[in-house]
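Structural description and commentary
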Number of protein chains: 2
Amino acid sequence: MQKQTLLTKNQQIIFDLIDKSPEPMKAYSILFNVQKKGIKAPLQVYRALDKLVEIGKIHKIESRNAFIACHNSSCQVAKATAFSICEICEKVTEISSAGLSKYLANFKDKDGMKYSKYNLEFFGLCKKCR
Amino acid sequence: MQKQTLLTKNQQIIFDLIDKSPEPMKAYSILFNVQKKGIKAPLQVYRALDKLVEIGKIHKIESRNAFIACHNSSCQVAKATAFSICEICEKVTEISSAGLSKYLANFKDKDGMKYSKYNLEFFGLCKKCR
DNA sequence: AATTTATTGTTATAATATAACATTATGTAA
DNA sequence: TTACATAATGTTATATTATAACAATAAATT
Ligand SMILES: [Zn+2]
Ligand SMILES: [Zn+2]
Ligand SMILES: [Zn+2]
Ligand SMILES: [Zn+2]
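Here's what I pulled together on the structure shown here. Everything quoted here is computed from the prediction, not taken from an experiment.

Residues and elements named next belong to chain B. Looking at the metal site, the zinc ion (ligand 4) is ligated by Cys86 (SG), Cys89 (SG), Cys126 (SG) and Cys129 (SG), spaced 2.3 to 2.4 Å from it. Viewed at the metal, the four donor atoms of the zinc ion (ligand 4) are separated by angles of 105 to 113°, and the geometry they form is tetrahedral. Taken in sequence order, the residues that donate to the zinc ion (ligand 4) follow the motif C-x2-C-x36-C-x2-C.

Now the structure itself:
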């Protein structure tokens, strides 16, 4: 079986919803929004989310338990993510900075740990909320 | 009322438990462990955790919903945290790297966002698990 | 002592996420 | 094209994480 490239029905429905959303979406809000399309149970949502995260189409914002679509041109960086989060309006933006990702990819700690992945969340106030 | 410096009873009980623990502790595991000391309800645990996080005595590992004591000499960096997480044994270590924190503190994104805080989680395999 | 603020106690409930098992669809290979 | 393996789905139940609401106590401030 070749590596999945097309999304399945549930994955596509849920990806489309998240992709259209201007802000991160939470699992049960997603569930509510796709019930009219026949996705009735939390597990159906979580399974699609898991797969979409795995293949890099969406990212989980850990501090918010919410999901956003990747906009780094079908993210090659599912394993190297950085976000800015406004603590007032909760706007979340994926950061794509070559310098930052290079710095973090090359970061070595004292314990000789080998990293395969990182996630960075910056918090502050966006332009509007300042 | 001056800024709290001593911990209250519940805060101290819960901090001591987390501080002794070799690994991050989850809220309900904490609850279970402090019930013999009279802390009976989840909310009592979460309130203490919130305060301990706020004053920098502990940190939340967002990707694990778990808490560890700060070991950066009573952390001045509750607002600038970095951790390494082994994906096999789940060992978590707080990273204290002057270079890293300087780089991240000075990081500026394109949108002109003003950051007051960040959290970085590295994932990989620790020495033992490699 | 009176007032304000922080902390605690308690019950109930909300929000997030997974277990277990049956079924259906899809890809691979004889 | 049939058999086999793997991936995705459907469904019910339940586990885990976290907060709402309100009453009572304790501690700091005036
Ligand atoms: Zn991305
Ligand atoms: Zn904002
Ligand atoms: Zn610390
Ligand atoms: Zn390990």
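Further remarks concern the nonpolar core. Counting 24 residues, the largest nonpolar core has Leu120 of chain A together with Leu120 of chain B as the members making the most contacts within it. Those residues within four positions of Leu120 of chain A in sequence are excluded, and the remaining contacts are Thr81, Ala82, Phe83, Leu100 and Leu104 of chain A together with Leu104, Tyr118, Asn119 and Leu120 of chain B.

Position of Glu121 of chain A relative to the elements: it lies in strand 5 (residues 114-125). Setting aside its immediate chain neighbours within four residues, Glu121 of chain A contacts Lys60, Ile61, Glu62, Ser63, Phe83 and Ile85 of chain A together with Lys117, Tyr118 and Asn119 of chain B. Only 2.9 Å separates the side chain of Glu121 of chain A from the backbone nitrogen of Glu62 of chain A, close enough to count as a polar contact.

What follows is about the pattern of salt bridges. All names here are of chain B. Evaluation of the coordinates by the stated rule reveals four salt bridges over all chains. With its nearest N and O atoms 3.8 Å apart, the salt bridge here joins Lys51 to Glu54. With Lys51 and Glu54 both in helix 3 (residues 42-54) and three residues apart, this pair spans about one turn of that helix. By relative accessible area, Glu54 is classed as exposed at 59%. The shortest N-O distance in the salt bridge between Arg64 and Glu90 comes to 2.6 Å. Placement of the pair is Arg64 in the loop between strand 1 (58-61) and strand 2 (66-69) and Glu90 in the loop between strand 3 (80-86) and strand 4 (92-94), with a sequence separation of 26 residues.

Under the defined criterion, the tally for this structure stands at nine aromatic pairs over all chains. Ring geometry for Tyr118 of chain A against Phe122 of chain B: centres 6.0 Å apart, planes inclined by 65°, an arrangement best described as edge-to-face. Here Tyr118 of chain A, found in strand 5, pairs with Phe122 of chain B, found in strand 5 (residues 114-125), and the two come from separate chains. Phe122 of chain B carries the same exposure label as Tyr118 of chain A, and that label is buried. Between Phe122 of chain A and Phe107 of chain B, the ring centres sit 5.4 Å apart and the planes meet at 15°, which makes this aromatic pair stacked. Taken together, the residues span two chains, with Phe122 of chain A in strand 5 and Phe107 of chain B in the loop between helix 4 (98-105) and strand 5. Pair check on accessibility: Phe122 of chain A and Phe107 of chain B agree, each one buried. The rings of Phe107, Tyr115 and Tyr118 of chain A together with Phe122 of chain B are connected pair by pair, giving a single aromatic cluster. Over the face of the ring belonging to Phe15 of chain A we find Lys57 of chain A, whose NZ or CZ atom lies 4.5 Å from the ring centre.

Quick notes on the rules
- Residues numbered from 1 in each chain as written.
- Chains lettered and ligands numbered in written order.
- Predicted model: local features only at pLDDT ≥ 70, side-chain atom pairs only at ≥ 80, totals over all residues.
- Heavy atoms only, no water.
- Donors = N, O, S within 2.8 Å, 3.2 Å for Na, K, Ca; no water.
- Tetrahedral: all angles 85-135°; square planar, octahedral: opposite > 155°, others 65-115°.
- Core = buried A, V, L, I, M, F, W, Y, C linked by side-chain atoms within 4.5 Å.
- Buried < 20%, exposed > 50% of the residue type's maximum accessible area, 1.4 Å probe, protein only.
- Contact = heavy atoms within 4.5 Å.
- Helix = DSSP H or I, 4+ residues; strand = E, 2+ residues; numbered from the N terminus.
- Polar contact = N/O pair within 3.5 Å; in protein donor to acceptor, adjacent residues only side chain to side chain.
- Salt bridge = Lys/Arg side-chain N within 4 Å of Asp/Glu carboxyl O.
- Phe/Tyr/Trp six-rings, centres within 6.5 Å; stacked < 30°, edge-to-face > 60°.
- Lys NZ or Arg CZ within 6 Å of the ring centre and 35° of its normal.

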